[in-house]
Amino acid sequence: NTLTDGDVTDVAVNRSFTAGSLYTLSLPFALDAEQVKDIFGTGTTLYQFAQLVKENGESVLYFSKPSAIAAATPYLIQPTQDVNGFEVEDVTICTTPNNISFTAGATTVTMKPILSTEGSVQTNGTTEYWLAADKYLYNNANTILSLRALFDITTAVSGMPPRCRVALGENI
């Protein structure tokens, strides 16, 4: 909690992951492709928000599949092995958030990393959506722990929030 950008240190991440489940993930340090494989398992899939498209009245969030994790950048991750915390040596800390944002029509979607040193943030329950275990996005007020990501969805159209769906390769 007392580290600043540019510090090089060893870290222990106290977060669990279940093989095959989908999670949001943001880390204040980078992991190369080999580290991702060693920690989360061979065949682990990372997804990075890459495009927002309007299709048939819906906003569709498309994701690319990088092999490594950049510091302070939000991802979706689907590990292939269970993880009960992990340690990494000699990482460079970066806490400046790398928000990823796209606009299609009147809708803007921003995927934001949560790197709070407080350990959690309170969502505002209006524009901030979080990914739940059932793979849907919810926007009720909720406490979100650090090292995760939120989706901020805004629209210039009054009324109901935009209908959004997530496209993960062939699995929409």
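Use the structure listed above.
Computed from a prediction, not measured in an experiment: that's the story for all the values here. (Residues numbered from 1 in each chain as written. Predicted model: local features only at pLDDT ≥ 70, side-chain atom pairs only at ≥ 80, totals over all residues. Heavy atoms only, no water.)

1. Concerning the side chain of Thr 73
Point 1. With respect to the helices, strands and loops of the structure, Thr 73 is situated in the loop between β4 (58-64) and β5 (75-78).
Point 2. The exposure class of Thr 73 is buried, given its relative accessible area of 1%.
Point 3. There is a polar contact of 3.0 Å between the side chain of Thr 73 and the backbone oxygen of Ala 71.
Point 4. Within the local environment of Thr 73, its side chain forms a polar contact with the side chain of Asn 98, the two groups lying 3.0 Å apart. (Helix = DSSP H or I, 4+ residues; strand = E, 2+ residues; numbered from the N terminus. Buried < 20%, exposed > 50% of the residue type's maximum accessible area, 1.4 Å probe, protein only. Polar contact = N/O pair within 3.5 Å; in protein donor to acceptor, adjacent residues only side chain to side chain.)

2. A short note on unusual backbone geometry
Point 1. Look at Asp 90: it is not a glycine, yet its phi comes out positive at around 55 degrees.
Point 2. Inspection of the secondary structure puts Asp 90 in strand β6 (residues 83-92).
Point 3. Among the residues examined, Asp 90 registers a relative accessible area of 59% and is labelled exposed.
Point 4. With phi around 70 degrees, Leu 147 is a residue other than glycine that occupies positive phi space.

3. Here's the deal with the environment of Thr 155
Point 1. Of note, Thr 155 is situated in strand β13 (residues 148-155).
Point 2. Given the relative accessible area of 30%, Thr 155 is considered partly exposed.
Point 3. Taking the C-alpha atoms as reference points, Thr 155 and Thr 103, separated by 52 residues in sequence, lie 9.3 Å from one another.
Point 4. Of the polar contacts made by the side chain of Thr 155, one reaches the backbone oxygen of Ala 106; its length is 3.3 Å.

4. A few points about the packing of aromatic side chains
Point 1. Throughout the structure, instances matching the rule amount to five aromatic pairs.
Point 2. Both rings, one in Phe 17 and one in Phe 40, keep their centres 5.2 Å apart while their planes meet at 90 degrees; by these two values the pair is edge-to-face. Remark: Phe 40 occurs in helix α1 (residues 33-40) and Phe 17 occurs in strand β1 (residues 8-17); sequence separation between them is 23 residues. Both residues of the pair, Phe 17 and Phe 40, count as buried.
Point 3. Considering the side-chain rings of Phe 49 and Phe 102, the 5.0 Å spacing of their centres and the 85 degrees angle between planes classify their relative orientation as edge-to-face. Of this pair, Phe 49 sits in strand β3 (residues 45-55) while Phe 102 sits in strand β7 (residues 100-104), and the two are 53 residues apart along the sequence.
Point 4. An aromatic cluster is present here, built from Phe 17, Tyr 23, Phe 40 and Phe 86 joined pairwise through their rings. (Phe/Tyr/Trp six-rings, centres within 6.5 Å; stacked < 30°, edge-to-face > 60°.)

5. What about the pattern of salt bridges?
Point 1. Tallying each qualifying case throughout the model produces three salt bridges.
Point 2. Its salt-bridge partner being Lys 112, residue Asp 152 comes within 3.6 Å of it at the nearest N-O pair. Of the two residues, Asp 152 is situated in strand β13 and Lys 112 in strand β8 (residues 107-114); the sequence distance between them amounts to 40 residues. Here Asp 152 matches Lys 112 in class, with each residue buried. (Salt bridge = Lys/Arg side-chain N within 4 Å of Asp/Glu carboxyl O.)

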